Amino acid sequence: MNTASAKPRSWDFSYFKSDLQGGLVSFLVAVPLCLGIALASGAPLFAGIIAGIVGGLVVGALSRSAVSISGPEAGLILVVVSGLESLGSFKALQLAICVAGVMQLVLGVAKAGIISNFFPSSVIKGMLAAIGIILILKQIPHLLGYDADAVESLALFSWNGGNLEALLTHAIRQINLTALAIAATCLAVLLGWERPFVKTHAVFSKIPAALVVVLLGVGLNEVARALNPAYALGGTHLVQLPVPQSAAEFVGLFTLPDFSQLTNPLVYQAAVAIALVASLEALLAVEATDELDPLKRKTPTNRELKAQGVGNFVSGLLGGLPLTSVIVRSSVSINAGGRTKLAALMHGSFLLLSVVLFPRLLNMVPWAALAAILLITGYKLARVSVFKQHFQAGLTEFLPFIVTIAAILLTDLLIGIGIGAVVGLFFILRETYKNAHFFQHYTVQGQEHLRISLGEHVSFLNKASIMTVLKDIPADTTVEIDGTNSAYIDRDVVAAIENFRETARQRNIQLIFLRTGDSYAQTIAEQPHVSGKEADFEAYYKLFENNRNWVAEKLRRNPRFFEAAAQQTPKFLFIGCSDNHVSVSEITGTAPGEVFVHRNVANLVVSTDLNLMSVLQYAVDVLHIQHIIVCGHYGCRGVKAAMQNVEAGVVSSWLSSVREVMQRHQHELGKLETEEERYRRLVELNVIEQVYNLHQTDTLQQAYQRQAKVHLHGWVYDLHGGVIRDLEVDVRRDFAEYDTIFRYQVAPEGLRKLSGELFQAPSIYSMSTGAGRSPILAIPPFDGDDALGVP
C-alpha cells in the first residue's frame, strides 16, 4: 500500500479566479497612482511604474502576507522630495533607496516587526476609516472631471500647502459633463453589482464589477468621441502611461544608481529616512490589511520587513521609487476578490505586461471610471456600521478611534497614527491602573480566604496599591494572588509580593502566588524557602484557575460554546496512545464532542480488552460512528519498550502484541539501516496491525453485515513536527488480496489451498467454509516466504 504522505502546497491556487480579479482591478487603479506619485515626487514617471512592478512581483513573492500589495505610496513623497533636494540627482537617490532596503533587511533580522504590536486595534481601524474618508473626498474632483491632481496622498491637506476646499472649488468651476456622466454610470453599475440578483446570477457573478466599469468608461468615452470629438476626454482626464517607441527606448527607462556616491554621508541620511518611514508604513499597512482579510490570517511582520527590504533594494537598483505596502490598492484587491498572494503577483505581472505590450490601450481609461472604483472602496473602509461598533464599545475604544481619524484628516498618515496611539496608550494606562487587581473574600471551613486577581498588565504604578492591601490583611488568613491572567507583571511588584511572604509567615498568613507557565515554575525554583507541600498546593490551585481561564476564553469567543458542545454527535472514534500528550482536539482542530476518544499504551486493539471493546460497541452501535482512527505517534515509549524487550511488570505483558508485530515483520525491519528507522517503521506497522485487529472484531463484522458505513483509518502523529500522516490502510483491499492468494488447510498430505471466506488478518487464522460448517485453519506464508510456498 502507498503510505507516502502528501506534501504541503507552497501555493494556494484554490482562489485563482478571485486572485486574478483582485490583481487585475488593483493594477488598473495602480497605474495612474504610480505615475501621479512619481510626478509629485519630481522623479521620472517610469520610476513609479518600476516600483509598482517590483512591489507586485518581488515583494509579493517574498512576503507572507496573503492580501497586501506593495508599491510606491504617497506617504513617501515628502521623503523622496527631500532626498532629491539634498542629493541633487535621482541616481544618487536610487543608491539611498538601495541602502534603505539593506537597512530594512537588518531590521527584519533584528525582529523589529514587533513594533506593530504596540498599536491598539482601535487606532488601526481608525486609520482604515480615515483612509476611506480621504478616498471618498479626494475622488469628488475626479468624478466632476478635474484630474490635474493625479496623486492620491493620504491627507486632506497635502504637503505642498494645498487644501481640499480649494481643490473642490476649482473642480466645481471646471465640471466636465462627459466625466460626470461616465462617473455616474460607473457608480450605478458598481452599486448594482452588489445587489443579490447579480451576485447569484450564473453569468454576472463570475464577472468582476471593476473590470466592467473600466471597459464601460472606455466605451462611453469613445461614444462621446464618435458623437463629437470635443466631448471626448483626453490629456490628464485619461491614464498617461509612458509609451516607448523601441526596445532600446524601453531599456533606457531603467537606470542604475550612482555608486560613486557611496562615500557621501547625505546618501545614508536619506536612506535612514526612507527606511524608517517605509518600514513603519509597511507594518501598519499589513496590520490594517490583516483586519480587512476575510480569512483573518496574520502576516509575520519580521518576514514582511525583509521582503520590503529586498523590494526597495531591487527598485533602487532598477531606477524605481521607494515602495511600501499600500492600503488603497490592497483594499481594492480584497474588494475585487483577492484572497492570496497570487493577487499581488498578478498585479505586478499586469503592470509589467502593460508597459511592454499595450500601453496605448491603458491610456484610453478615463480617471472618472477609476475614481468610481476608489469611491466605493473608500465607502467600504468607512462604513457607518464601523463608527457604531466602536461607539457601542465604550469611550476607551471610541475615543482613540475617532481621534486617529481626525488627526489623519488634519495632518498625515504617520502623524495621525502617532496621535491616536498616544490617546490609546493613555486609556491603556488608565485602565491598567484601575483594573490592576480585584478582591474577593470567602470562607473555607471557617478560615478566611482573600483572593487578589491581578490584571493583564501590572506595572510599577500598581505596586503601592497592592502592597497597601497586603499590609491590611488580618492574621490567620489564606491569601491567593492570581497572576495567571497577567501578560506582564513588573519585577518590582513580584519582588514586593515575595518579600511580603516572609512577614506573612510571622502573622500565620499563608500566601499562594499563582503565575503562568515557565514564569511560575521559575518563581518556585528560585524560592528555596517554599516548602514542597506549599508548592504542590499552589500547583493544585493552578489547575482550577486554568479551567476558569479556559471557560472564560471559550465563552468570550462563543457565548453558547458549552451548550453547542453538549449537543455534539461525534462522527469519529479516535483510538490513540496514552503516551501522546497532545489532545486530539488540538491535533485535529475539532471542538469538544466532535471526536469520541479512547487511549491505551501503544494504541493497541486487543480482543480481550473489555474497556476498548465496550467503547467500540458503544461508538458503532449507539453513536453510529462513521470513521474509526487508530493513531500512533513517532517517539512512542510503549513501542520502544517492546522493541528493546524492557521488563516493566504488567506493561510488558500488555506490549506482547507489539513484539508479535515486530517478529512478524522482522525481515522488513532487518533491511533498515539504523535503529531509529526501525523504531519509526515499527510504530507504523503496529498501527496497521491494530487496524487489521479492529476490522476482525465482532462489532465491526456485524456492522459490515448490516451495511453500516464504517471506515477504518491508520494514522501516525509526529510529536516534533505536529503533522498527521495517513498510512492509507485499506482493510478490505488487503483482506481481499490475502483471501485470493493465501488459503491453506492442514491435511494428512500437507497444506492444501481451499476456497471459503477469510475474515482475519495474516497470521494463523480460522476460516469459515460456509454456513453450518466448523472453521478450519488457514496459514498464510510469513514475511519472506514465497507466495504459494509452504511456511
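Conventions adopted
Per chain, the residues get numbers from 1 upward, laid out in the order the sequence is written. Under the rules for a predicted model, residues below a pLDDT of 70 receive no local features and side-chain atom pairs below 80 are neither given nor counted, while totals for whole chains, interfaces and linings still include all residues. Water and hydrogen atoms play no part in the side-chain values, which are based on all heavy atoms of the structure. For every residue, the predictor assigns a confidence score, pLDDT, that lies between 0 and 100. Residue contacts are defined here by distance: any two heavy atoms, one from each residue, within 4.5 Å place the two residues in contact. To count toward a patch, a residue needs a relative accessible area above 30% and no salt bridge. Like charges then connect within 9 Å, nonpolar side chains (Val, Leu, Ile, Met, Phe, Trp, Tyr) within 5 Å. Where accessible areas are quoted, they stem from the Shrake-Rupley method and a 1.4 Å probe; at the residue level, only the protein chains shown are allowed to cover. Only one rule defines a salt bridge in this text: a Lys or Arg side-chain nitrogen within 4 Å of an Asp or Glu carboxyl oxygen. Only DSSP runs of H or I with at least four residues qualify as helices, and only runs of E with at least two residues qualify as strands; both kinds are numbered from the N terminus onward. For every residue, the accessible area (1.4 Å probe, protein chains only) is compared with the maximum for its type, and the residue is labelled buried under 20%, exposed over 50%, or partly exposed between those bounds. Aromatic pairs are defined between Phe, Tyr and Trp rings, using the six-membered ring for Trp, whenever the two ring centres lie within 6.5 Å; interplanar angles under 30 degrees are classed as stacked, those over 60 as edge-to-face, and all others as tilted. The rule is short: NZ of Lys or CZ of Arg within 6 Å of the ring centre and within 35 degrees of the ring normal puts a charge over the ring. Pairing between two strands requires that DSSP report at least two bridges joining them. For helices, the fitted axis covers only the stretch in contact; all axes are lines through C-alpha atoms, and the angles between them, taken along N-to-C directions, range from 0 to 180 degrees. In this analysis, the expected span of each helix is defined as 1.5 Å times one less than the number of residues it contains. Residues enter a nonpolar core if they are buried and are Ala, Val, Leu, Ile, Met, Phe, Trp, Tyr or Cys, with the set joined through side-chain atoms within 4.5 Å. In what follows, a disulfide is any cysteine sulfur pair within 2.5 Å.

Considering every residue of the protein, the mean pLDDT works out to 79; 80% of them sit at 70 or more. Every residue in residues 1-10 is under pLDDT 50, and counting partners more than four places away or in other chains gives 14 contacts. Throughout residues 517-522 the model reports pLDDT below 50, and contacts reaching past four residues in sequence, or to other chains, amount to eight contacts.

Bringing a nonpolar patch on the surface into the picture now. Taken together, the side chains of Ile 172, Ile 175, Leu 177 and Leu 180 present a nonpolar region at the surface, about 390 Å² in accessible area. With respect to the helices and strands, the residue Leu 180 is situated in helix 7 (residues 177-192).

Bringing the pattern of salt bridges into the picture now. Opposite charge on two side chains makes pairing possible when the charged atoms of those side chains draw close. If you walk through the whole model with that rule in mind, you get 11 salt bridges. Two residues, Glu 689 and Arg 664, come together in a salt bridge whose shortest N-O distance is 2.7 Å. Of the two residues, Glu 689 sits in helix 31 (residues 675-695) while Arg 664 sits in helix 29 (residues 656-664), which places them 25 residues apart along the sequence. We note a salt bridge from Arg 725 to Glu 684, for which the minimum N-O separation is 2.7 Å. Here Glu 684 lies in helix 31 and Arg 725 lies in strand 13 (residues 724-726), a separation of 41 residues in the sequence. Of the two residues examined, Arg 725 and Glu 684, each falls in the buried class. When salt bridges that share partners are traced, they join Glu 668, Arg 681, Glu 684 and Arg 725 into one network.

This part is about the environment of Gly 593. Tracing the chain through its elements places Gly 593 in the loop between helix 25 (584-588) and strand 10 (595-600). Assessed through its relative accessible area of 30%, Gly 593 is described here as partly exposed. Linking Gly 593 and Pro 570, residues 23 residues apart in sequence, is a C-alpha distance of 6.0 Å.

What follows is about the packing of aromatic side chains. On inspection of all chains with the given rule, the structure shows eight aromatic pairs. Between Phe 596 and Tyr 618, the ring centres sit 5.8 Å apart and the planes meet at 50 degrees, which makes this aromatic pair tilted. Of this pair, Phe 596 sits in strand 10 while Tyr 618 is found in helix 26 (residues 610-622), placing the two residues 22 residues apart along the sequence. Residue classification places Phe 596 among the partly exposed residues on the basis of a relative accessible area of 23%. By relative accessible area, Tyr 618 is classed as partly exposed at 41%. Among the aromatic residues, those joined into a cluster by ring pairs are Phe 387, Phe 391, Phe 398 and Phe 401. Lying over the aromatic face of Tyr 634, Arg 680 brings its terminal NZ or CZ to 3.7 Å of the ring centre.

Here the focus is the sheet that holds strand 13. Taken in spatial order, the five strands of this open sheet run 10-9-11-12-13, and their pairing is mixed. What marks the edges here is a single partner per strand, and that holds for strand 10 and strand 13. Strand-to-strand twist of the sheet, defined as the mean angle between neighbouring strand axes without regard to direction, takes the value 25 degrees.

Here helix 18 (residues 395-410) is 16 residues long and its end C-alpha atoms lie 22 Å apart, about the 22 Å a rise of 1.5 Å per residue gives. Within the span of helix 18, buried status applies to Phe 398, Pro 400, Phe 401, Thr 404, Ile 405, Ala 407, Ile 408 and Leu 409.

This paragraph deals with the nonpolar core. Formed by 82 residues in total, the largest nonpolar core has its most connected members in Ile 49, Met 127 and Ile 373. When residues in this core are grouped by element, the largest group, 11 residues, is from helix 16 (residues 367-381). Those residues in contact with Met 127, other than ones at most four positions away along the chain, are Leu 284, Ala 288, Ile 327, Thr 404, Ile 408, Leu 413 and Ile 417.

Once that is clear, we can look at helix 5 (residues 121-144). With 24 residues, helix 5 should cover 34 Å at 1.5 Å per step; its first-to-last C-alpha distance of 36 Å lies within 8% of that length. Counted residue by residue, helix 5 has 18 buried out of 24 residues, so it is predominantly covered. Positive phi appears at Gly 145, one or two residues downstream of helix 5, with a value of about 110 degrees.

Tallying each qualifying case throughout the model produces zero disulfides. Left without a disulfide partner, Cys 577 is nearest to the cysteine sulfur of Cys 636, which lies 3.7 Å away. Exposure remark for Cys 636: the relative accessible area of 1% places this residue in the buried category.

Looking now at the side chain of Gln 21. Relative to the assigned elements, Gln 21 resides in helix 1 (residues 16-41). Look at Gln 21 and you get buried, because its relative accessible area is 15%. Setting aside anything within four residues of it in sequence, one finds Gln 21 in contact with Lys 206, Pro 208 and Ala 336.

Attention now moves to the pairing of strand 6 (residues 477-482). Most of strand 6 is tucked away, with six of its six residues classed as buried. Of the two faces of strand 6, both are covered, the one formed by Thr 477, Val 479 and Ile 481 as well as the one formed by Thr 478, Glu 480 and Asp 482. Pairing analysis gives five bridges linking strand 6 to strand 8 (residues 510-514), with the strands arranged parallel. By the bridge assignment for strand 8, Asp 482 is matched with Leu 514.

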